[in-house]
Amino acid sequence: MPKFLLSLVLICATTFVWAQDSQQEKLEQRKAQIQQEIRDNEKMLQSVRKKEKSAVNEYLIQANKIKLKEKLINTTAKQEKLISNDMYINQVQVNKLKKELKVLKEDYAEMILKSYKSRSEQSRAMFILSSESFLQAYKRAQYLKQYTNFRKNQGLEIQSKTAQLVDFNAKLDGQRQVKKKIIVENQKEKVTLEAEKKEQQKLVNALKKDKNKIAQDIKSKQSESKRIDRQIDRLIREAIAEANRKAAAERAKANPGSSEAKAPVSSSKIVMTPEDKVLAADFKANRGRLPWPVEKGFISLGYGDQPHPLHPSLIVHNSGVEITTEDGASARAVFAGEVSKVIVLSPVNKAVVIQHGDYFTVYQNLSSVSVSQGDKVTIKQNIGRVRTSGDTGKTIIKFLIMQNTSNNNPEGWLQSR
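The structure presented is a predicted model; accordingly, all values stated were derived computationally and were not measured.

## Digging into the pattern of salt bridges
Then comes step 1: Summed over the entire model, instances satisfying the criterion amount to six salt bridges.
Then comes step 2: With its nearest N and O atoms 3.0 Å apart, the salt bridge here joins R237 to D233. One end of the pair is R237 and the other is D233, both in helix α5 (residues 211–254) and four residues apart, which spans about a single turn.
Then comes step 3: The exposure class assigned to R237 is partly exposed, which follows from its relative accessible area of 30%.
Then comes step 4: A relative accessible area of 25% places D233 in the partly exposed class.
Then comes step 5: Linking E338 and K376 is a salt bridge whose minimum nitrogen-to-oxygen distance equals 3.0 Å. Residue E338 is found in strand β6 (residues 337–346), and its partner K376 is found in strand β9 (residues 376–377); the two are separated by 38 residues along the sequence.

Okay, here's the thing in structure tokens:
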């Protein structure tokens, strides 16, 4: 029974260590991803600084970089804690092995001493020959054989335990080095984070001087944004009505004179075909797992009504999310579907609407479009190039998700970064 319990404890400990290693690997991957995002943000920041046209954009990129630095510090802290826990488990194993070795060596030493005192072959022979019967002599011979094997096995067990102890000590030494490196990295990141925050504060102070100008610019952009939202809403309603008219015509052709075929055409809710229902269900099932509409970037303006990041007294509205990306970035479809509309919002601003059953994804602020109305698109397919503003130097895509004519918060649909 004790052997069974010992085996069970060892299995549990091995499983826990494996889980720790797996978690450590995930944290290392997450850390590498965050570090790459920080580098991407640094490139965008340098690009904006070269153009020297938008202090607000510089502030937003700087703010996101600070957020990423904080995530990196938290991830590194989790790594340190995980290594500390692993080190504790290994230290417990080391202590246990040391105790077992001590007992084994003491028993072995006592056994060797006894063997030494009765080491002569004559003594062993007399031990067997002095037996009262053949059966007793046989049993004594077997005892001596088992005793010899026991001594040999104890020696081998001491060797095995010693090797395990060496391995655990080597692992502990390696973990101490890794932990030391992580602590140094974390301290370095904290220092750079403080420097980033000071730089950000300088930007805030500089921007406060131009509050009136910024407020006027925000109001102008909000007005433009609302105008575009109304245009997109109208065009999506037209697309829904057109799809419903086609569906009604098909029903009338199949069932002439039916009341369903003569029903009024809705412009707010699409009547889905069986194929549309499957596509809509697939789209809905991928909530929280959709790829981003650009390969790199961060959300610089979230969904809904919210205070302006620099001037909290100014409330801004957003029907989707604005994602700041790098100059020359390509827009890509977040899911398979059909291009419902290609909209020219201005000579330099285009939008693509993709239908996924009764869901629509909208990609605004494109300088060029590489798809046409009616095209079938696949997930992550390039649909155009994101426009870089000549006035601000910003490269921003506005992304919307709608079910029929109702806006959804895209952040809840996209993969977390």
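## Describing the nonpolar core
Then comes step 1: Residues L290, V352, I354, Y363, I383 and I397 are the most contacted members of the largest nonpolar core, which totals 27 residues.
Then comes step 2: Taken together, the elements giving at least two residues each to this core come down to α6 (274–285), β4 (321–324), β7 (349–356), β8 (359–369), β10 (382–386) and β11 (396–403).
Then comes step 3: Ignoring anything within four residues of it in the chain, the contact list for V352 reads V339, K341, T361, V362, Y363, L366, V369, V371 and I383.
Then comes step 4: Counting residues in each nonpolar core, the second largest holds 14 residues, with I228, I232, I240 and L345 among its members.

## Topic: the packing of aromatic side chains
Then comes step 1: Under the criterion given, the structure shown has five aromatic pairs.
Then comes step 2: Taking 5.4 Å as the distance between ring centres and 85° as the angle between the ring planes, the aromatic pair formed by F283 and F335 counts as edge-to-face. Here F283, found in helix α6, pairs with F335, found in the loop between β5 (330–332) and β6; they are 52 residues apart in sequence, far enough to count as distant. Judged on exposure class, the residue F283 and its partner F335 are both buried.
Then comes step 3: Ring centres of F283 and Y359 lie 5.0 Å apart, and the angle between their planes is 35°; on these two criteria the pair is classed as tilted. Taken as a pair, F283 in helix α6 and Y359 in strand β8 lie far apart in primary sequence, 76 residues in all. The two residues F283 and Y359 agree in class, both being buried.

Definitions and limits used
- Numbering of residues begins from 1 in every chain and follows the order in which that chain's sequence is written.
- Residues qualify for local features only when their pLDDT is at least 70, as the model is predicted, and side-chain atom pairs are given and counted only at 80 or more; totals for whole chains, interfaces and linings, by contrast, use all residues.
- Neither water nor hydrogens contribute to the side-chain values; these are computed over all heavy atoms in the structure.
- One speaks of a salt bridge when a side-chain nitrogen belonging to Lys or Arg is within 4 Å of a carboxyl oxygen belonging to Asp or Glu.
- Per the convention used, a helix needs a DSSP run of H or I reaching at least four residues, while a strand needs a run of E reaching at least two, with both numbered from the N terminus.
- Relative accessible area decides the class of each residue, using a 1.4 Å probe on protein chains only: under 20% of the type maximum gives buried, over 50% gives exposed, and in between gives partly exposed.
- For our purposes a nonpolar core is just a set of buried Ala, Val, Leu, Ile, Met, Phe, Trp, Tyr and Cys residues, chained together by side-chain atoms within 4.5 Å.
- Here, two residues are considered to be in contact whenever any of their heavy atoms come within 4.5 Å of each other.
- Two rings from Phe, Tyr or Trp (for Trp, the six-membered ring) form a pair when their centres are within 6.5 Å of each other. A pair whose planes differ by under 30 degrees is stacked, one over 60 is edge-to-face, and the rest are tilted.

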